[in-house]
Amino acid sequence: MLGLAAVNTGNNLLYLMVAALLALLIVSGLLGHANLRRLALRLSLPEEIYAGVPTTAALRLTNGRRRLPLVLMSVRRDGQRAHFTLIAPGATDEQPLPLSFARRGRLHLDDLTLSSPFPVGFFERSARLPVAREIIVLPRPLPCPLPASCGAGRPAGETSIERRGLEGDLLALNDYRGGEPLKLIHWKQSARQDALKVKQLAANRARPLWIRLDECPGANLEERLAQATYLLHLFWRSGRPVGLQLGERRLAPARGRGHRLRLLRELALFDAP
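Residues numbered from 1 in each chain as written. Predicted model: local features only at pLDDT ≥ 70, side-chain atom pairs only at ≥ 80, totals over all residues. Heavy atoms only, no water.

(A) Inspection of the overall build of the protein chain at higher detail. A tally of helices and strands in the protein chain yields five helices and 13 strands. The buried share of the protein chain, taken over its 273 residues, is 36%. Carbon and sulfur atoms form 54% of the exposed surface of the protein chain, whose accessible area is close to 16300 Å². (Helix = DSSP H or I, 4+ residues; strand = E, 2+ residues; numbered from the N terminus. Buried < 20%, exposed > 50% of the residue type's maximum accessible area, 1.4 Å probe, protein only. Areas by Shrake-Rupley, 256 points an atom, 1.4 Å probe, with all protein chains shown as cover.)

See below:
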């Protein structure tokens, strides 16, 4: 309207106002596009991500420019955003990005969307930043009764095996050699035989627990996988070795964080859609 008024009236002041607004739009566009350049994004995901359970990723955004700061930047995916207000030249900032995945299995994060209203908020400019990350989404745990074959109702107990240890039943008495713990010295026998005697004990081994997918009471495969995930969490807290049977495939009982993650991923990828 100002341009039309300037032409009709020949008013130089209106011409100047139109020129200033056009210049502002041009400068705004150039600064807005420059604000999306020379950025580096690093996405850190949690080790365990469950289907249908909100989780949070850590976004590290680095401003690779030497002179210009990064201003009013948002990173979004599926309606969720992480906001960066100001990052100095050469600096890095970290913000949380909420994420949620509807189904289990192997998923791919291809890219994230960067957007910014900088400098004056007339327009929101955006760009795609490739991520190329593969994610294994685990089944969401679903509480269920303990199958009888898993050891429900039986005492946790321990069974001894015939090998040396420090806590089990007495296997034999040996001569003291100088390196055994003092608590293993059998003082009564040492006094009777006028020589130090040490106890040789059997090591204790906890009874392993098995999770068999076919014995979980769910109405379909997804429910049984979710219940097997729940049992895995439950049994793991007992400190006993846990094994997993998926159809004909058996994964031997073991302890350790790596074994637990392996079992969870086997459940996530079993007949994944």
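(B) Summary view of the pairing of strand E4 (residues 70-77). Counting buried residues along E4, six of its eight residues qualify, which places the element largely inside the surrounding structure. In this sheet, strand E5 (residues 80-87) lies alongside E4 in antiparallel orientation, the contact comprising seven bridges. By the bridge assignment for E5, Arg77 is matched with Gln80. Taking the residues that link successive antiparallel strands as the turn, the E4-E5 hairpin has two residues, and the phi of Asp78 there is positive, at about 50°. (Pairing = 2+ DSSP bridges.)

(C) Focus on the environment of Arg262. One can find Arg262 in helix H5 (residues 257-269). The class for Arg262 is partly exposed, based on a relative accessible area of 42%. Linking Arg262 and Leu251, residues 11 residues apart in sequence, is a C-alpha distance of 9.5 Å. Other than its neighbours up to four places away in sequence, Arg262 contacts Arg249 and Leu251. (Contact = heavy atoms within 4.5 Å.)

(D) Structural context of the pattern of salt bridges. Scanning the model with the defined rule gives 10 salt bridges in all. With its nearest N and O atoms 2.4 Å apart, the salt bridge here joins Glu48 to Arg260. Residue Glu48 is found in the loop between strand E1 (39-44) and strand E2 (49-50), and its partner Arg260 is found in helix H5; the two are separated by 212 residues along the sequence. Assessed through its relative accessible area of 12%, Arg260 is described here as buried. Between Arg77 and Asp78 there is a salt bridge, with its nearest N and O atoms 2.8 Å apart. Residue classification places Asp78 among the exposed residues on the basis of a relative accessible area of 63%. Taken together, the shared-partner salt bridges in this structure form one network comprising Arg76, Arg81 and Glu124. (Salt bridge = Lys/Arg side-chain N within 4 Å of Asp/Glu carboxyl O.)

(E) Layout of the sheet that holds strand E12 (residues 242-246). If you trace the three strands from one edge of the open sheet to the other, you get E11-E12-E13, paired in mixed fashion. Strand pairing shows two members of the sheet lacking a second neighbour, strand E11 (209-212) and strand E13 (249-254), which therefore form its edges. Here the strands of the sheet are splayed against their neighbours by 15° on average, with no regard to which way each runs. Pairing geometry for E12 and E13, over four bridges, is antiparallel. By the bridge assignment, Leu244 is partnered in E13 with Leu251. (Axes fitted to C-alpha atoms, helices over the stretch in contact; angles between N-to-C directions.)

(F) Spotlight on H5. The terminal C-alpha atoms of H5 lie 19 Å apart, and with 13 residues this matches the ideal 18 Å at 1.5 Å per residue to within 8%. Among all positions in H5, only His259, Arg260, Leu261, Leu263, Leu264, Glu266, Leu267 and Ala268 are buried. Elements that come into contact with the buried residues of H5 comprise E2, strand E7 (105-116), strand E8 (125-138), helix H4 (221-236), E12 and E13. Looking one or two residues past H5, Asp271 carries a phi angle of roughly 45°, positive in sign. (Expected span 1.5 Å × (residues − 1).)

(G) Quick peek at the environment of Pro208. One can find Pro208 in the loop between strand E10 (197-205) and E11. Pro208 gets classed as partly exposed once you look at its relative accessible area, which sits at 37%. Measuring from C-alpha to C-alpha, the distance between Pro208 and Arg240 comes to 5.8 Å, with 32 residues separating the pair along the chain. With near-sequence residues (within four places) excluded, Pro208 lies in contact with Arg240, Pro241 and Pro253.

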